[in-house]
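Structure assessment
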Amino acid sequence: MSRFLSNELSKLTAYVPGEQPQDKKYVKLNTNESPFPPSNGVINAIGNKEIERLRLYCDPQSKLLKSELARVYNAEIENVFVSNGSDDILNFAFMAYGHLGVAFADITYGFYSVFASLYGLDAQIVPLNSDFTLNVNGFLGLNKLIVIANPNAPTGLVISTSDVEKILLSNPNGVVVVDEAYVDFGGTSVSELTKKYNNLLCVQTFSKSRSMAGARLGFAIANAEIISDLEKIKYSTNPYNVNALTQIAGVSALKDNNYYKENALKIIENRNYTVTELKKLGFTVLDSKANFVFAKSDKISGEELYKKLKENGVLVRHFTSERIKEFNRITIGSIEEMQIFIEKVKLILGE
Ligand SMILES: *Cc1c(COP(=O)(O)O)cnc(C)c1O
């Protein structure tokens with residue numbers, strides 16, 4: 001309890017990011033980072049000249065970056081927003097559109113409920129179906145802010161574009177945020193639908209498929225009205241929210257888009273390997289279209305497996321909430337990392 005914090009904020013439970021331990025070198029499969037380095041273009045883009053320019057403020061409009069995004073995502077610049085990670089965009093969306101209330105699934109990205117409490121919003125929790133698929137009907141006709149991760153986290157499951165359209169059509173007076181942090185690993189983006197639906201906010205990030213989690217770069221595609229709402233909030237909080245080096249890195253990454261597409265294909269291959277091996281060991285594995293899998297075993301509890309893997313130098317993510325406590329979320333890394341992971345699971349299970 002802080003002496004200085006308001007009562008509301010004292011009650012707030014903050015988001016808990018995955019561990020980033022510095023004590024020893026782990027096979028790190030807990031925060032959905034990419035095992036691959038940024039492209040050569042990104043690595044070579046930042047030299048002394050760019051560092052010397054750090055004395056100047058960066059371009060608050062991020063013009064070059066937005067125009068590259070517009071090119072790659074077949075949009076106009078007025079339909080593109082960039083931010084300090086996609087968490088920043090989600091934050092802005094809750095701030096901007098949460099006053100009518102907000103709805104999201106019970107099992108989804110943990111930050112949604114944090115933002116809802118932060119802004120004191122009326123949050124409607126729509127439980128996933130018993131097979132962990134999204135209860136699409138539960139999101140119809142709400143006319144409030146709706147936030148859906150597609151693929152969902154930590155399940156990896158997707159909903160179809162036609163289901164997203166159903167939700168959009170039945171909520172004409174509410175903004176529907178589709179958080180596509182993992183879309184490049186086998187999902188289908190709804191970014192093109194922003195031309196048809198003025199209540200759709202499609203959010204993506206450079207953190208996962210573009211190997212830039214540490215650079216903090218997220219972007220959104222939406223109707224110009226939504227983008228200008230987000231710009232208003234950005235200019236009312238931090239106009240320089242995407243720093244100069246990150247803007248340069250982002251532009252370079254977009255020019256090397258094929259490199260990242262190939263990496264995503266490798267992740268899908270490594271995911272297939274991991275799923276096959278886990279199933280051979282008797283695990284239940286959800287059908288993931290993301291760079292992680294969500295799996296549980298009848299032979300060992302979720303928590304015990306998490307702990308034993310950590311003792312064996314492999315970090316995965318375990319969540320304690322009742323519905324998913326027997327699962328672990330395992331990030332898909334390089335094939336070598338996944339082989340080590342499977343070996344350690346075998347060792348722990350005594351197989
Ligand atoms: C990782 C993740 C984000 C946040 O990504 P940043 O761009 O690094 O802030 C957003 N949504 C989901 C579902 C994620 O898993």
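Whatever comes next refers back to the structure up there.
Keep in mind the model is a prediction, meaning the values are calculated, not measured. (Residues numbered from 1 in each chain as written. Predicted model: local features only at pLDDT ≥ 70, side-chain atom pairs only at ≥ 80, totals over all residues. Heavy atoms only, no water.)

1. Quick word on the environment of L54
The residue L54 is located in the loop between α3 (48-52) and α4 (63-72) in this model. According to the relative accessible area criterion, L54 is partly exposed, its value standing at 42%. The spatial distance from the C-alpha of L54 to the C-alpha of D256 is 24 Å, given a sequence separation of 202 residues. (Helix = DSSP H or I, 4+ residues; strand = E, 2+ residues; numbered from the N terminus. Buried < 20%, exposed > 50% of the residue type's maximum accessible area, 1.4 Å probe, protein only.)

2. What about the pairing of strand β12 (residues 327-331)?
Burial analysis of β12 places 5 of its 5 residues in the buried class, which makes it a mostly covered element. Where strand β10 (residues 292-296) meets β12, 5 bridges bridge the pair, whose relative direction is antiparallel. Bridge pairing links K296 to F327 in β12. (Pairing = 2+ DSSP bridges.)

3. Section: the sheet that holds strand β4 (residues 123-126)
An order of β2-β8-β7-β6-β5-β3-β4 is seen for the 7 strands of this open sheet, with the pairing classed as mixed. Single-partner strands in this sheet number two, and they are β2 (80-83) and β4. Averaged over neighbouring strand pairs, the angle between their axes works out to 20° when direction is ignored. Bridge analysis of β2 against strand β8 (residues 218-222) gives 4 bridges, and the strand direction is antiparallel. In the strand pairing of β8, V82 is matched with F219. (Axes fitted to C-alpha atoms, helices over the stretch in contact; angles between N-to-C directions.)

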